[in-house]
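Read off the chains here:
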Amino acid sequence: MSQPILHVSKTADLAVLELAEFFIRTAKETIAKTGRFSVALSGGSSPKKLYELLASPEFSSQLDWDKVDFFFGDERYVPSDDPDSNALMVKKALFDPLHIPAKNIFTVDTSLPPDEAALKYTQAIQHRYQAEQVRFDLVLLGLGDNSHTASLFPHTPVLHDTSVSVKAVFLEEQNVYRITMTAPLINLAHHLAFLVYGKGKAEAVDAVLNGAEDIENHPAQLIRAAEGEVHWFLDEPAASVLSV
Ligand SMILES: O=C(O)[C@H](O)[C@@H](O)[C@H](O)[C@H](O)COP(=O)(O)O
């Protein structure tokens, strides 16, 4: 299993720029080899700048976007028009500006009960890959200041789920459901890329990368590429307590 590859930039904008360049490079190489590129997007606030940059003329002109299949590493269990929806955030930042066709966008159907929504999403992913091994070309990830990633939150049963699938997670503290890819599904990806910036994430970054193994409290430690590479795109504040 390869060591994480760190990309530390002076500022958040520079970290986003480096990840945008990595995204385009990886997508072009993959499309040249296989004809298509599948990416599972992360949600929350950090990646919005990335999606907006990819939608800008400087980047959008570099890729045949019709050859990209978009999935979501996790989704909040809210209606598709809810401001908290990851799919709505990406629709506004990336899909609409680039006129991505609906046939290439795979969102979680949160109109279904949580477990059914998770099962249907698992089936949609399996259908896209047919009988082949479900391996995303790229999975984008964020990191919470409590070391969660996707919706793999501390002390939740999904941390011990060994299935290659998507599951519903109930977060007791917030009294909400989330829909998330399991760590085994995420880890099958050819490339994994965390985008983490801001001083508030520094302790979590160090605990995940250098801390003693403790997945209950630091679930992002579960992210270990099975055969691919794990990249961390950080700004200096987020990397500031990394024990060397
Ligand atoms: O649905 C989500 O919120 C994300 O998938 C989640 O895992 C996110 O990456 C972290 O919570 C960090 O969120 P911020 O980027 O907003 O700090």
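Look up: the structure comes first, before these words.
My aim in this report is to walk through the structure given alongside it, one point at a time. Bear in mind that the values here come from a model prediction, so they are computed numbers and not experimental data.

## Let's talk about the sheet that holds strand β5 (residues 138-141)
Here's step 1: The six strands are arranged β1-β9-β8-β5-β2-β3 in an open sheet whose pairing can be described as parallel. Because the sheet does not close on itself, it has two edges, and the strands there are β1 (5-9) and β3 (68-72). The mean angle between the axes of side-by-side strands here comes to 20°, regardless of whether they run parallel or antiparallel.
Here's step 2: Pairing of β1 with strand β9 (residues 229-235) involves five bridges; the strand directions are parallel. Counted as the bridge partner of Ser-9 is Asp-235 from β9.
Here's step 3: Seen against the sheet, helix α4 (residues 86-98) touches β2 (37-41) and β3 and runs at an angle of roughly 150° to β3.
Here's step 4: Against the sheet, helix α7 (residues 202-210) engages β1, β8 (191-196) and β9, with an angle of about 155° to β9.

## Side note on the packing of aromatic side chains
Here's step 1: Applying the stated criterion across every chain yields a total of twelve aromatic pairs.
Here's step 2: Ring plane angle 55° and centroid distance 5.0 Å describe the contact between Phe-170 and Tyr-177, whose orientation is recorded as tilted.
Here's step 3: The ring centre of Tyr-129 lies 4.7 Å from the NZ or CZ of Arg-128, which sits over that ring.

## Structural notes on the sheet that holds strand β6 (residues 166-171)
Here's step 1: The strand order across the open sheet built from three strands is β4-β7-β6, with neighbouring strands paired in antiparallel fashion. If you trace the sheet from one side to the other, it starts and ends with β4 (74-76) and β6, each paired once. When the angles between neighbouring strand axes are averaged without regard to direction, this sheet yields 20°.
Here's step 2: Relative to strand β7 (residues 176-181), β4 is paired through three bridges, and the arrangement is antiparallel. What sits directly across from Asp-74, in β7, is Thr-180.
Here's step 3: Its contacts with the sheet put helix α5 (residues 114-129) on β6 and β7, and the angle it makes with β6 is roughly 155°.

## Regarding the pattern of salt bridges
Here's step 1: Counted according to the given criterion, the structure contains twelve salt bridges.
Here's step 2: Where Arg-36 meets Asp-69, a salt bridge forms, and the shortest distance between an N and an O atom there is 2.9 Å. Taken together, the residues span a long stretch of sequence, with Arg-36 in the loop between α1 (12-34) and β2 and Asp-69 in strand β3 at a distance of 33 residues.
Here's step 3: What makes Arg-36 partly exposed here is its relative accessible area of 28%.
Here's step 4: Sharing partners across several salt bridges, the network here consists of Arg-36, Asp-69 and Arg-128.

Scoring rules and cut-offs
Residues numbered from 1 in each chain as written. Predicted model: local features only at pLDDT ≥ 70, side-chain atom pairs only at ≥ 80, totals over all residues. Heavy atoms only, no water. Pairing = 2+ DSSP bridges. Helix = DSSP H or I, 4+ residues; strand = E, 2+ residues; numbered from the N terminus. Axes fitted to C-alpha atoms, helices over the stretch in contact; angles between N-to-C directions. Contact = heavy atoms within 4.5 Å. Phe/Tyr/Trp six-rings, centres within 6.5 Å; stacked < 30°, edge-to-face > 60°. Lys NZ or Arg CZ within 6 Å of the ring centre and 35° of its normal. Salt bridge = Lys/Arg side-chain N within 4 Å of Asp/Glu carboxyl O. Buried < 20%, exposed > 50% of the residue type's maximum accessible area, 1.4 Å probe, protein only.

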